[in-house]
Amino acid sequence: MDTYSLLREIADSWVLLAMFIFFLAVVAWAFRPGSRKVHEETASIPFRHEDKPAGDRE
């Protein structure tokens, strides 16, 4: 078996499985119960200074 065929078989099976597990871990991390506050704070960033622009912080 040449090197290309071996690497192709590894990429087709184990790397695909690893990427799928990584994807599931990222989705689980994003939707974990404790992240609701972080997501709400991030979503409200554009509306923090509705009445006036943010001032310089020097």
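Fair warning: this is a prediction, and the values are worked out from it, not measured in the lab.

Things to note about the overall build of the protein
Here's step 1: When helices and strands are tallied, the protein shows 2 helices and 0 strands.
Here's step 2: The 58 residues of the protein split such that 2% are buried.

Things to note about the pattern of salt bridges
Here's step 1: Under the definition given, this model contains 1 salt bridge.
Here's step 2: Notably, a salt bridge pairs Arg 8 with Asp 12, separated by 3.2 Å at the nearest N-O pair. In this pair, Arg 8 and Asp 12 both sit in helix α1 (residues 3-30), 4 residues apart, roughly one turn of the helix.
Here's step 3: For Asp 12, a relative accessible area of 46% translates into the label partly exposed.

Digging into the side chain of Ser 35
Here's step 1: Note that Ser 35 resides in the loop between α1 and α2 (36-43).
Here's step 2: We classify Ser 35 as buried; its relative accessible area is 3%.
Here's step 3: Only 3.1 Å separates the side chain of Ser 35 from the backbone oxygen of Ala 30, close enough to count as a polar contact.
Here's step 4: With residues near it in sequence (within four places) discarded, Ser 35 still touches Trp 29 and Ala 30.

The rules behind the values
Residues numbered from 1 in each chain as written. Predicted model: local features only at pLDDT ≥ 70, side-chain atom pairs only at ≥ 80, totals over all residues. Heavy atoms only, no water. Helix = DSSP H or I, 4+ residues; strand = E, 2+ residues; numbered from the N terminus. Buried < 20%, exposed > 50% of the residue type's maximum accessible area, 1.4 Å probe, protein only. Salt bridge = Lys/Arg side-chain N within 4 Å of Asp/Glu carboxyl O. Polar contact = N/O pair within 3.5 Å; in protein donor to acceptor, adjacent residues only side chain to side chain. Contact = heavy atoms within 4.5 Å.

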